[in-house]
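Summary of structural features
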Amino acid sequence: MEPILERVAHRLQRGQRLGRAEALELFETPDVIGLGRLADQIKRARWSDRAHFVINRQINPSNVCVLSCRFCDFATKRGRPNAYEMTIQEVLERCSPELREVHIVGGLHPDWPWDYYLDMFRAIKREFPHIQIKAWTAVEIDYFSKKFRLSVEEVLQQLRAVGLTALPGGGAEVFSERVRKALFPFKIGAPRWLEIHRIAHRLGIPSNATLLYGHMETVEERVDHLLKLRELQDETNGFMSFIPLAYQPGKTQVVRRQASAIDDLKTIAIARLVFDNVPHIKAYWVTMGEEIASVALHFGADDIDGTIGEERIMHAADAASPVSLTRGRLVELIRESGCTPVERDAVYDTRQVYDHDPSTRLTTAGREPSLRVVPSKAESRVEGR
Ligand code: V47
C-alpha cells in the first residue's frame, strides 16, 4: 500500500479525521484503486451496500439572469433567442404524482415579484401535497433578500410556510476569491454562501453542498473548499449531502475539456474520507455520466441523485449524458454495480428498498429489470408526511 494510503487508513482506524496536508497528498496518489478501496470501506461501514436515488424532477423556471458569469452557459438575457420564462402553470405541468422531490433553481430574474415565488410553491403543494420542494440556491436566497428587502431569515421562513423542504447545494462553485474574481465576480462569495446555509440550518431547513471542479481551480482550493464545508457542518449538522460537479466546458472556453474519470473518482473518494460528518456523497450522473457514476458507488459515493426529468444547466453546456433517466434504469445501474437500490425522498428518508434479484444483473439494453419492491420499515412512518 502507498505510504499516504497507509497513514490515512491508520488515522481513520484511530477515529482521527483527515487534515489538509493528507487530503492534498491523496489527490497526488497514483494508487486510485487503493484510494477507492479505502473510501469504499468507510462508505460500507455507514451504508453497507446501499445506494440511494430519488424520483425527482428538475425545474428551472427561467434562464434569464441579471448576472453574466464567465463559466455559465445556462444564463442569458431577455430578448435573446434562447431566453425562456415559465408561468406557474408551466411549472405545474412539469410536476406529476409519482415525484418525491422537485428541485427548482434558475437565473436571478430581473423583475419577477416575490409573490411569483410564493405562489409557485403554493400551487405545487395544492396540486401535489406529497412532493417535497428542494429549491433556490444560497445565491438566489441572497438575491431575494436584497431585492425584496427581507432578511434571509424572513425569506426562508416565508418560503418554508408555503412548502420549502430543503435548499439545494448549488452556487457554492469553489470557495476561492481568486477563482470568483475570474469567473463569477458579481456572485456571492464563500462567507455569504456559508452564512445563508448556517441560517437555514439554524431554522431547521436542511441543505446540500456542491463543489464545481475541473476548471481553473487548484487542488489546494478544492481541499480548502471541503474543509470550510466540514467546519460549518461541525457547527450546524445541517448538510445532508455533498455533490462534486465536474465542470462541463460548453462554449465558455474556460477550459478545453472536462475533468478525467480518474479525477472524478478521486474527488468522490477524497470527499468521503474528508467528510466524516456529512452522511451522503452524491455521484451526479449528469456530469459524470452513467458509467463513472456507477463506478463511483465503489469509490465512496452512496447516492446517484435521481430521474431528473429535464436537466438544463449542464446540457446548456453540452453535457453528453441523457437529460433524464427512468426509475428502471437507475435501479439497473445500481444493481449492476453490485449495490442495493434504495429509493429515498429529498431528506433521505427511505421510501423503498429494491431487493437483490440476480436475474436482473445481466439485463440486455432496453429491457426493464423486474422491480421487486420490498417496502422498508420506515415506509409506514414516512408515507403519511
Ligand atoms: O451552482 C453551472 C453548476 C450548479 C455548469 O443539491 C455547472 O442536490 C458543471 O447545484 N458544468 C447547479 N456545473 C446544480 C446544482 C445541483 C445539481 C444536482 C443536485 C444538487 C443538489 C445541486 O451547477 C451551479 C454551478 O455550480 N454549473 N454551469 C457547467 N457548465
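For every chain, the first residue of its written sequence is number 1, and the numbers climb from 1 along that sequence. Local features in this predicted model are restricted to residues of pLDDT 70 or higher, and side-chain atom pairs are both shown and tallied only at a pLDDT of 80 or more, whereas totals for entire chains, interfaces and linings draw on every residue. Just so you know, side-chain values use all the structure's heavy atoms and leave hydrogens and water out.

1. Examining the packing of helix 2 (residues 20–28) against helix 11 (residues 261–274)
Interhelical geometry of helix 2 versus helix 11 gives an angle of 155° and a closest axis separation of 10 Å. With respect to helix 11, the axis of helix 2 lies roughly antiparallel. Crossing angle aside, the handedness with which helix 2 passes helix 11 is right-handed. Contacts between helix 2 and helix 11 involve Ala 23, Leu 26, Phe 27 and Glu 28 on the former and, on the latter, Asp 263, Lys 266, Thr 267, Ile 270, Leu 273 and Val 274. Side-chain classes follow a simple rule in which Ala, Val, Leu, Ile, Met, Phe, Trp, Tyr, Cys and Pro form the nonpolar group, Asp, Glu, Lys and Arg form the charged group, and the remainder, Gly included, forms the polar group. Of the residues that constitute the contact of helix 2 with helix 11, the class distribution is six nonpolar, one polar and three charged. Fitted lines through C-alpha atoms serve as axes, helices being fitted only where they are in contact, and the angles separating the N-to-C directions of these axes extend from 0 to 180 degrees. To qualify as a helix, a DSSP run of H or I must reach at least 4 residues; to qualify as a strand, a run of E must reach at least 2; elements of each kind are numbered from the N terminus. When an angle is under 35 degrees it counts as roughly parallel; over 145 it counts as roughly antiparallel; between 65 and 115 it counts as roughly perpendicular; any other value is oblique. Crossings are assigned a handedness: left-handed for a near helix turned anticlockwise from the far helix by less than a right angle, right-handed for a clockwise turn. Any two residues whose heavy atoms approach within 4.5 Å at even a single point are treated as in contact.

2. With respect to the packing of aromatic side chains
Centres within 6.5 Å are what make two rings of Phe, Tyr or Trp a pair, Trp counting through its six-membered ring; a difference in plane orientation under 30 degrees is then read as stacked, over 60 as edge-to-face, and the rest as tilted. Applying the stated criterion to the full structure yields 18 aromatic pairs. Seen from their ring centres, Phe 71 and Phe 184 are 5.7 Å apart, and the 75° between their planes marks the pair as edge-to-face. Pair noted here: Phe 71 is in the loop between strand 2 (56–59) and helix 4 (88–93) and Phe 184 is in the loop between helix 8 (177–183) and helix 9 (190–202), with a separation of 113 residues, a long-range link. Here the aromatic rings of Tyr 117 and Phe 144 are separated by 4.4 Å at their centres, their planes lie at 50°, and the arrangement is tilted.

3. Points about the sheet that holds strand 7 (residues 239–246)
Here we have three strands laid out as an open sheet, ordered 6-7-8, and parallel in their pairing. Of all strands in the sheet, those with a lone pairing partner are strand 6 (207–213) and strand 8 (280–281), marking the two edges. Following DSSP output, two strands are said to pair if at least two bridges run between them. Examined bridge by bridge, strand 7 and strand 8 share two bridges and lie parallel to one another. Looking at strand 8, one finds that Ser 241 is bridged to His 280.

4. Here we look at unusual backbone geometry
Phi at Glu 173 is positive, roughly 50°, even though this residue is not glycine. Positive phi, close to 60°, is recorded for Gln 253, a residue that is not glycine. With respect to the secondary-structure elements, Gln 253 resides in the loop between strand 7 and helix 11. Exposure classes here rest on a 1.4 Å probe applied to the protein chains alone. A residue is buried below 20% of its type maximum, exposed above 50%, and partly exposed in between. Overall, the relative accessible area of 71% leaves Gln 253 in the exposed class.

5. With respect to the packing of helix 5 (residues 114–127) against helix 7 (residues 152–161)
It is at 9 Å that the axes of helix 5 and helix 7 come closest, and there the two elements cross at 35°. Residues Trp 114, Leu 118 and Phe 121 of helix 5 lie in contact with helix 7, whose contacting residues are Val 155, Gln 158 and Leu 159.

6. Observations concerning helix 1 (residues 3–13)
Every buried residue of helix 1 is listed here: Ile 4, Leu 5, Val 8 and Ala 9. Down the axis of helix 1, the sector holding all buried residues measures 135°, keeping them to one side. Of the residues in helix 1, the exposed ones pointing more than 90 degrees away from the buried face are Pro 3 and Gln 13. For helix 1, the elements touching its buried residues are helix 2, helix 3 (32–47) and helix 11. Trailing helix 1 by a residue or two, Gly 15 shows a phi angle of about 75°, which is positive. Of all possible arcs, the one meant is that of the directions from the helix axis to the C-beta atoms.

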